[in-house]
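Examination of the molecular architecture
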Amino acid sequence: MKRSVIIAAVILVVASSTGALAQGVTGTIKSVDRKADTITLMSGEVLRLPEQIEVERFKAGEKVKVHYFTSKTGRATVSSIRTLM
C-alpha cells in the first residue's frame, strides 16, 4: 500500500512538472490564420499548428477532432488533427 502511494505521488509530480496537459476537442473551424499558423474553433478556442501540420489543409466550416497540449503560458498547440465527415 505504501509503495503504491509513493508511486502515485511520483507520477503526479512528474506529470505536473512538464507544464503541458493533453486535451482533446471536436468542433467546427470558425477561421484559419495562415500567417500565425492557427485555427479558431466556433467555441472560441485558438489552436496553434506545429510546422509538420500544414494549416493550408484546413478551411472554415470543416468539422475536426483535435488533440492538443497547453503550455505553462496557456498556449494551445495541436499534436494531432483530423477532419470528420
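Starting from 1, residues in each chain are numbered consecutively following that chain's sequence as written. Under the rules for a predicted model, residues below a pLDDT of 70 receive no local features and side-chain atom pairs below 80 are neither given nor counted, while totals for whole chains, interfaces and linings still include all residues. The basis for every side-chain value is the complete set of non-hydrogen atoms in the structure, without hydrogens or water.

Examining the overall build of the chain
Rule in force here: Only DSSP runs of H or I covering at least 4 residues are called helices, and only runs of E covering at least 2 are called strands; the numbering of each starts at the N terminus. The buried label applies to any residue whose accessible area, calculated with a 1.4 Å probe on protein chains only, is under 20% of its type's maximum; exposed applies above 50%, and partly exposed to all values in between. What makes two residues a contact is simply this: any of their non-hydrogen atoms within 4.5 Å. Using the Shrake-Rupley algorithm and a 1.4 Å probe, accessible areas are obtained, with residue cover drawn only from the displayed protein chains.
Each helix and strand in the chain was counted, giving one helix and five strands. Ordered by position from N to C terminus, the α and β elements of the chain give α-β-β-β-β-β. Expressed as a percentage of its 85 residues, the buried residues of the chain come to 27%. Put simply, of all contacts in the chain between residues at least 6 apart along the chain, 45% involve residues at least 24 apart. Summing over all exposed atoms, the chain offers an accessible surface of approximately 6,000 Å²; the carbon and sulfur share of this is 59%.

Things to note about the confidence of the model for the chain
Formally: One number per residue, pLDDT, summarises how confident the predictor is, and it ranges from 0 to 100.
With 75% of its residues at a pLDDT of 70 or more, the chain has an overall mean of 82. Averaged pLDDT values for the elements of the chain fall to 54 in helix 1 (residues 2-17) and rise to 95 in strand 2 (residues 38-41).

Structural notes on the environment of arginine 75
Along the chain, arginine 75 turns up in the loop between strand 4 (63-70) and strand 5 (76-83). Not counting residues within four places of it along the chain, the set of residues in contact with arginine 75 comprises Arg48, Phe69 and Thr70.

With respect to the nonpolar core
Formally: We call a set of buried residues a nonpolar core when its members are Ala, Val, Leu, Ile, Met, Phe, Trp, Tyr or Cys and they connect through side-chain atoms within 4.5 Å of each other.
Within the largest apolar cluster, 15 residues are counted, with the highest numbers of intra-cluster contacts made by Ile39, Leu47, Val66 and Ile81. Listing elements by their share of this core, those giving two or more residues are strand 1 (21-33), strand 2, strand 4 and strand 5. With residues near it in sequence (within four places) discarded, leucine 47 still touches Asp37, Thr38, Ile39, Leu41, Val66, Tyr68, Ala76 and Val78.

Quick notes on unusual backbone geometry
At aspartate 37, a position not held by glycine, the phi torsion is positive, near 55°. Tracing the sequence through the fold places aspartate 37 in the loop between strand 1 and strand 2.

Some words on the environment of aspartate 33
Note the threshold: Pairs of N or O atoms are called polar contacts if they sit within 3.5 Å, as long as, within protein, a hydrogen donor faces a hydrogen acceptor (for residues adjacent in sequence, only side-chain-to-side-chain pairs).
Within the secondary structure, aspartate 33 sits in strand 1. On the basis of relative accessibility, which here comes to 36%, the residue aspartate 33 falls in the partly exposed class. As a C-alpha pair, aspartate 33 and valine 55 span 22 residues in sequence and 7.9 Å in three-dimensional space. For aspartate 33, the residues in contact, after removing those within four places along its chain, are Thr38 and Val55. Of the polar contacts made by the side chain of aspartate 33, one reaches the backbone nitrogen of alanine 36; its length is 3.1 Å.

Quick look at a negative patch on the surface
Our working definition: Two joining distances apply to patches: 9 Å for like charges and 5 Å for nonpolar side chains (Val, Leu, Ile, Met, Phe, Trp, Tyr), and every residue must have over 30% relative accessible area and no salt bridge. Salt bridges, as used here, are contacts in which a Lys or Arg side-chain nitrogen is within 4 Å of a carboxyl oxygen on Asp or Glu. Lys and Arg are tallied as positive, Asp and Glu as negative. Neither His nor the chain termini are counted. The atom standing in for a charge is NZ when the residue is Lys, CZ when it is Arg, CG when it is Asp and CD when it is Glu.
A cluster of acidic side chains, namely Asp33, Asp37, Glu51, Glu54 and Glu56, defines a negative patch on the protein surface. Structurally, glutamate 56 is set in the loop between strand 3 (46-48) and strand 4. What makes glutamate 56 partly exposed here is its relative accessible area of 44%.

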